[in-house]
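Analysis of the macromolecular model
Chain by chain, the residues:
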Amino acid sequence: MWKGVIEKYREYLPVTKKTPVITISEGNTPLVYSQSLSDITGCSVYLKYEGLNPTGSFKDRGMTMAISKACEDKAKTVICASTGNTSASASAYAAKANLTSVVLVPEGAVALGKLSQALIHGALVLQVEGNFDDAFNLVKEISDKYPITLVNSLNPYRIEGQKTGAFEISDALGTAPDFQVMPVGNAGNITAYWKGYKEYRDAGKIKSLPKMLGFQAEGAAPIVKGHVISKPQTIATAIRIGNPASWKKAEAARDESGGLIGAVSDDEILNAYKLLAQKDGVFVEPASAASVAGLLKLAKKDYFKETKEAKIVCILTGHGLKDPNRAIKTINKPKTIPAKIDRVLKEIGY
Ligand code: AN7
């Protein structure tokens, strides 16, 4: 029976016998071979489908650690700012641990599925008149001054949990990939993966390290542009972040690995979003498609030509059902017809 990432990778994590393990059986997500992306790029492309975690995103890997350690430290209340997925995950794990959760989200800029999760799991949900960065500044100050535990990725246990994604990929492939492609928002996940790969190499589990390729949305690309973006804009609301918490660590992952952090437009994101759904049968939220948009952009520039038979892993960070409105906006709404067989046949083309 799968018991979650803490039990599976306990020896690599800062837990002891005394740590109460709060898990919803996160992790163990599939690594799906993509024929379509392999054909386009001439490489072997795999999709790490993190949308299949219990709350529908990769955040659960970090949250099982953050909430378990909060319980060990006798915390009563946890808080986060979120573009949506962190709040969904925090509220679910806090519910399981019987902790109070408080989540601050930018008003009107969180996908419907994510907001519904935080609400049904019983969090105190506050919509802030401002963007993610404004909400993040508030929760940092509150957790500094009050006995409330911050569970954003500034909390080092979040990074510890999320690094298990690198372990799973390495275990599945039997080696590290040559390249890992992923979206970058607050930059915790790229930090976590890089830490995970380095630790797995040091433990002798893998011999090489991947080049880390991160992608931000063009309208929310502070790391690419080299300055804070005060009014970030993108349809990929999960990564609509102008001043990432782990900025410097993301740059370190990029530079140490010999990778890059680039930007993709909303159109490129939506094209990748549709491609994944229509060629691979994999439904992701727009932010996750930023990784595949980045892959396609680099492939077009022959970026992978030098590496023979490269193994590439794209991290698909969140499920498409998080943001159903985006799917319906992207594809035309279905036609309504009378309940008559001839009308159905006509629509099919007979
Ligand atoms: C689907 O939930 O920041 O670079 O508050 O939800 O580690 O921030 C979400 C981020 C990528 C970026 N894909 O990861 C939040 C939040 C999805 C996400 C990212 C997020 P980081």
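This text follows the structure it describes.
**Description of the pattern of salt bridges**
As a working rule, side chains carrying opposite charge can pair if their charged atoms are close by. In the structure shown here, the tally under the stated rule is 19 salt bridges. A salt bridge links Lys145 to Glu141; the nearest nitrogen and oxygen atoms lie 2.8 Å apart. Placement of both Lys145 and Glu141 in helix H6 (residues 132-145) is noted, with a separation of four residues, approximately one turn of the helix. Exposure remark for Lys145: the relative accessible area of 57% places this residue in the exposed category. A salt bridge links Glu268 to Lys297, with the nearest nitrogen and oxygen atoms 3.3 Å apart. Of this pair, Glu268 sits in helix H12 (residues 266-279) while Lys297 sits in helix H13 (residues 286-300), placing them 29 residues apart in sequence. With relative accessibility at 23%, the residue Lys297 sits in the partly exposed group. Taken together, the shared-partner salt bridges connect Lys48, Glu50, Arg61 and Glu168 into one network.

**Remarks on the sheet that holds strand E5 (residues 124-128)**
In space, the four strands of this open sheet follow the order E5-E4-E3-E6, with parallel pairing throughout. Each edge of the open sheet carries a strand with a single partner, namely E5 and strand E6 (149-150). Inspection of the sheet shows strand E3 (residues 77-81) paired to strand E4 (residues 100-106) by five bridges, in the parallel sense. Across the sheet, residue Thr77 finds its bridge partner in E4, namely Thr100.

**Some points on the packing of helix H3 (residues 59-72) against helix H4 (residues 85-97)**
One can describe the packing of H3 onto H4 by two numbers: an axis separation of 9 Å at closest approach and a directional angle of 40 degrees. It follows that H3 is oblique to H4 by the angle criterion. Here H3 and H4 pass one another in a crossing that is right-handed. Counting all contacts with H3, which are made through Lys59, Asp60, Met63, Thr64, Ile67 and Cys71, the residues of H4 involved are Asn85, Thr86, Ser89, Ala90, Tyr93, Ala94 and Ala97. The residue makeup of the contact of H3 with H4, split by class, is seven nonpolar, four polar and two charged.

**Side note on the pairing of strand E10 (residues 311-316)**
In terms of burial, E10 is a largely internal element, five of the six residues being buried. Bridge analysis of strand E2 (residues 44-49) against E10 gives six bridges, and the strand direction is parallel. Residue Tyr49 lies in a different strand from E10, and its bridge partner there is Leu316. Inspection of the sheet shows strand E7 (residues 179-183) paired to E10 by three bridges, in the parallel sense. When the bridges of E10 are listed, Phe179 appears paired with Ile312.

Conventions used here
- Residues numbered from 1 in each chain as written.
- Predicted model: local features only at pLDDT ≥ 70, side-chain atom pairs only at ≥ 80, totals over all residues.
- Heavy atoms only, no water.
- Salt bridge = Lys/Arg side-chain N within 4 Å of Asp/Glu carboxyl O.
- Helix = DSSP H or I, 4+ residues; strand = E, 2+ residues; numbered from the N terminus.
- Buried < 20%, exposed > 50% of the residue type's maximum accessible area, 1.4 Å probe, protein only.
- Pairing = 2+ DSSP bridges.
- Axes fitted to C-alpha atoms, helices over the stretch in contact; angles between N-to-C directions.
- Parallel < 35°, antiparallel > 145°, perpendicular 65-115°, else oblique.
- Left-handed = near helix turned anticlockwise from the far one by under 90°.
- Contact = heavy atoms within 4.5 Å.
- Nonpolar A, V, L, I, M, F, W, Y, C, P; charged D, E, K, R; others polar.

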